[in-house]
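Notes for the structure review
Each chain, letter by letter, is given below.
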Amino acid sequence: MENSSKVDLEDLFAEKSLARIFWLAPPFCSNTFNCVVALLTFFLLAIFSVLHICVPSLRDAIKFPFADTFTLWANAGASLSGTILGFLIAGFAVLCTVLRPETIVALAKMRNERYGLSELKLLFVLFADVFAQYLSLLFVSILVLVFGGKTGPAMMLGEQLAKIHWMVPFCLLHLILTIWGTWLIMLVLSLKSFVYNLYQSLLLGLADAADDLQRKSKPSVTE
């Protein structure tokens, strides 16, 4: 981390869309624990999917209710994303209130060498990154609720694909199960990292305010 004597205000407005901010954020795999848990989840779901597809006895014994499962996930995703987005807005407001102007300027002058961003911009990018992820979850959940279900357009598409071969929609459903299930776990892990970053940011603001108060309360030395 290096310090700069000048605040680059133009750099704060370089990104013109939420998508660009999302790609600017630190990658998910930058956290080893998150990456390990996500990969473990993916492999477990993938192994189950492969066995359920390839082993007829298992396929007959376990009648997996894909439509009900995806509808349940969509309802949970819509509810979770709405709650989390409200929490993020509140946390964002609290952070902006706690940080003093002097602290903001100091963070803007510190450059994070790992990500090539100022500490101030990195802090706000982390906020926007979680916003983008849960907005994506909300969008996907609403799409599933609108087009999915047992009588929706997705079921009609599955019936048409089944005319080619019944394994085509069956394999596609397992692929969606694996990817979507892994993504939900990744979102929870991202939220865990975000809460920690918010905690550190709030502590930074409180520590800076306490330090400033201590400096002002020190008796002046008269010669």
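Bear in mind that the values here come from a model prediction, so they are computed numbers and not experimental data.

Here we take up the overall build of the protein chain. Broken down by element type, the protein chain carries 9 helices and 3 strands. Taking 223 residues into account, the globule formula puts the C-alpha radius of gyration at 17 Å, and the protein chain, at 24 Å, lies well above it. By its C-alpha atoms, the protein chain is 95 × 30 × 30 Å across when sized along the principal axes. Counting only residues that meet the buried cut, the protein chain has 32% of its 223 residues in that class. Within the protein chain, counting contacts between residues at least 6 apart in sequence, those at least 24 apart form 80% of the total. Charged side chains in the protein chain number 16 positive and 16 negative. The centres of these two groups are separated by 6 Å.

Of all residues in the protein chain, 92% have pLDDT values of 70 or greater, and the mean over the chain is 81. Of all secondary-structure elements in the protein chain, the lowest mean pLDDT belongs to strand β1 (residues 2–3), at 52, while helix α3 (residues 32–54) reaches the highest, 92.

So, about a nonpolar patch on the surface. Side chains of F139, I142, L143, L145, V146 and F147 sit close together on the surface and give an oily, nonpolar patch of about 550 Å² of accessible area. Note on placement: F147 falls in helix α7 (residues 119–147).

Let's shift gears to the environment of L120. Tracing the chain through its elements places L120 in helix α7. Distance from L120 to T103, taken between C-alpha atoms, is 9.3 Å for residues 17 residues apart in sequence. In contact with L120, not counting residues within four places along its chain, are I104, L107 and A108.

This part is about the nonpolar core. Core analysis: the largest hydrophobic core is formed by 18 residues, its most contacted members being L88, Y134 and F194. When residues in this core are grouped by element, the largest group, 7 residues, is from α7. Residues in contact with Y134, not counting those within four places in the same chain, are L80, S81, I84, L85, L187, V188 and L191.

Criteria and cut-off values
- Residues numbered from 1 in each chain as written.
- Predicted model: local features only at pLDDT ≥ 70, side-chain atom pairs only at ≥ 80, totals over all residues.
- Heavy atoms only, no water.
- Helix = DSSP H or I, 4+ residues; strand = E, 2+ residues; numbered from the N terminus.
- Rg over C-alpha atoms; globule rule 2.2 N^0.38 Å.
- Buried < 20%, exposed > 50% of the residue type's maximum accessible area, 1.4 Å probe, protein only.
- Contact = heavy atoms within 4.5 Å.
- Lys, Arg positive; Asp, Glu negative; His and termini not counted.
- Charge placed at Lys NZ, Arg CZ, Asp CG, Glu CD.
- pLDDT = per-residue confidence, 0-100.
- Patch = residues over 30% accessible without salt bridge, like charges linked within 9 Å, V, L, I, M, F, W, Y side chains within 5 Å.
- Areas by Shrake-Rupley, 256 points an atom, 1.4 Å probe, with all protein chains shown as cover.
- Salt bridge = Lys/Arg side-chain N within 4 Å of Asp/Glu carboxyl O.
- Core = buried A, V, L, I, M, F, W, Y, C linked by side-chain atoms within 4.5 Å.

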